[in-house]
Amino acid sequence: MKINSIKTKNYSVVIGKNSLSLLSKKLKKLCPKTKNVALIVDKKIPKKFLVKLKKNLKKYKVFTIYVSSSEKIKNLNQVNSIINRLLSLNFNRSDVVIGFGGGIIGDMTGFLCSIYKRGINFINIPSTLLAQVDSCIGGKTGVNSNYGKNLIGSFYNPRLVVTDIELLNSLSKREIICGYAEILKHSLIRDKIFFSFLQKNTGKFLSLHNKTLLKCIKRSCEIKLAFTEKDFKEKGLRMILNFGHTFAHALEAKNKYSNKLNHGEAVLIGMMIATKLSSFLKICSFETQNKLERIYKRNLLLKNLTKYMTRKVILNSIKYMKNDKKKDDEKINLILLKKIGMTTTPGKCKYSLRQLEKMIKNLY
């Protein structure tokens, strides 16, 4: 299958089936002085992929650090433990650290790379669809604190992102839908033609049709890069990517980041709440809301999730918005939908918690 490559200002993203085979060639070109490679690997990665990766890195001295991926390990204690291991192995800034796993592994590895000796080479190999279309793009890194998710972090780009779609065959349908949520979001905020494609081809995508996967992952990455390249440190434009996420993060916090509600599911719910709110406020048409509802219903995207969309649950969750890291005053900054492919401007739709509560009561 064809390997696609997306060039950015600071790194490239290679996407395709068996793209892992390109790593050695890319690494030699990008980091010619590298001698040591640390692999920070999610224990859930199928063994055959790790074997393939290590075979590709046979010219280097490779150290493997296994991590049980969960939000509970995404903290400063875990980062400190890995940094001490790298220091004991005498890793220097010309060496490479590779994160091989989902978004949790990528976020944590990117963060520790940004602070290790003020910056060591970082390569991201996202293993989940969610990571491939979202967290691996844009340079956001971070870990959690007792006060919330990703509140400790940095902006730090990888040297390379290697997206191998063959890894997706090991994922559950639930995990595929989790990543699809971000793809759908990207179409809603930027590209109505891409949204039309998803209307017709979501079934094929969820069935892991290779050509459809490749097209959607590539387009999704391009859309996210269109925002992150122009606004790397999220001062304005990049905030549009938060469509649906303010509600999603509140729901995740309310549920203590448990596996009962994963990030993508929370985003699907958050986007629907935001779209209904947009329609209620007459920011978008009711037909726009209908288009989104139809794609949800046709593909059972909210199957077993309707309990999270009740008035009571939403009202109980929005109080968690007060610790949102993107809030710059006492009001909540929402990104709402104007039409398919266009959102409101960041900073234009700001509401107090009391105002939000009143709107939710009228909406549900």
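Scroll up a little and you will see the structure.
Residues numbered from 1 in each chain as written. Predicted model: local features only at pLDDT ≥ 70, side-chain atom pairs only at ≥ 80, totals over all residues. Heavy atoms only, no water.

Thoughts on the environment of Ile332
Piece 1. The residue Ile332 is located in strand β10 (residues 332–333) in this model.
Piece 2. The exposure class assigned to Ile332 is buried, which follows from its relative accessible area of 4%.
Piece 3. Note: C-alpha distance between Ile332 and Lys361 (29 residues apart in sequence) is 17 Å. (Helix = DSSP H or I, 4+ residues; strand = E, 2+ residues; numbered from the N terminus. Buried < 20%, exposed > 50% of the residue type's maximum accessible area, 1.4 Å probe, protein only.)

Re the sheet that holds strand β3 (residues 36–42)
Piece 1. The strand order across the open sheet built from 7 strands is β1-β2-β9-β6-β5-β3-β4, with neighbouring strands paired in mixed fashion. Each end of this open sheet is capped by a strand with a single partner; those strands are β1 (4–7) and β4 (61–67). Strand-to-strand twist of the sheet, defined as the mean angle between neighbouring strand axes without regard to direction, takes the value 15°.
Piece 2. Examined bridge by bridge, β3 and β4 share 7 bridges and lie parallel to one another. In the sheet register, Leu39 faces β4, and the bridge partner there is Thr64.
Piece 3. Along the sheet, helix α1 (residues 23–30) makes contact with β2 (12–16), β3, β5 (96–101), β6 (121–126) and β9 (160–164), crossing β9 at roughly 175°.
Piece 4. The strands that helix α4 (residues 103–115) touches are β3, β4, β5 and β6; relative to β5, the one it contacts most, it runs at about 165°. (Pairing = 2+ DSSP bridges. Axes fitted to C-alpha atoms, helices over the stretch in contact; angles between N-to-C directions. Contact = heavy atoms within 4.5 Å.)

Section: α4
Piece 1. Helix length check: α4, at 13 residues, gives a terminal C-alpha distance of 19 Å against a target of 18 Å (1.5 Å per residue), a fit within 8%.
Piece 2. In terms of burial, α4 is a largely internal element, 11 of the 13 residues being buried.
Piece 3. Looking at α4, one finds that the buried residues are Ile104, Ile105, Gly106, Asp107, Met108, Thr109, Gly110, Phe111, Leu112, Cys113 and Ser114.
Piece 4. At the exit of α4 stands Lys117, carrying a positive phi of roughly 50°. (Expected span 1.5 Å × (residues − 1).)

What to know about the packing of aromatic side chains
Piece 1. Going through the model one piece at a time under the given rule, you end up with 3 aromatic pairs.
Piece 2. Residues Tyr180 and Phe205 carry aromatic rings whose centres are separated by 5.8 Å and whose planes lie at 50° to one another, so their mutual orientation is tilted. Here Tyr180, found in helix α6 (residues 173–190), pairs with Phe205, found in helix α7 (residues 192–206); they are 25 residues apart in sequence, far enough to count as distant. Of the two residues, Tyr180 and Phe205, both sit in the buried class.
Piece 3. Against the face of Phe227 rests Arg190, its NZ or CZ located 5.1 Å from the ring centre.
Piece 4. Here the basic side chain of Lys215 rests over the ring of Phe197, its NZ or CZ set 4.1 Å away from the ring centre. (Phe/Tyr/Trp six-rings, centres within 6.5 Å; stacked < 30°, edge-to-face > 60°. Lys NZ or Arg CZ within 6 Å of the ring centre and 35° of its normal.)

Looking at the pairing of β5
A regular strand places its side chains so that they alternate between the two faces of the sheet.
Piece 1. For β5, the buried fraction is high: 6 of the 6 residues fall into the buried class.
Piece 2. The side-chain alternation of β5 yields two buried faces, one formed by Val96, Ile98 and Phe100 and the other by Val97, Gly99 and Gly101.
Piece 3. Bridge analysis of β5 against β6 gives 6 bridges, and the strand direction is parallel. Each residue of the ladder has a partner; that of Val96, found in β6, is Asn121.
Piece 4. Crossover β5 to β6 through α4 is right-handed. (Right-handed = clockwise from strand over helix to strand, strands pointing away.)

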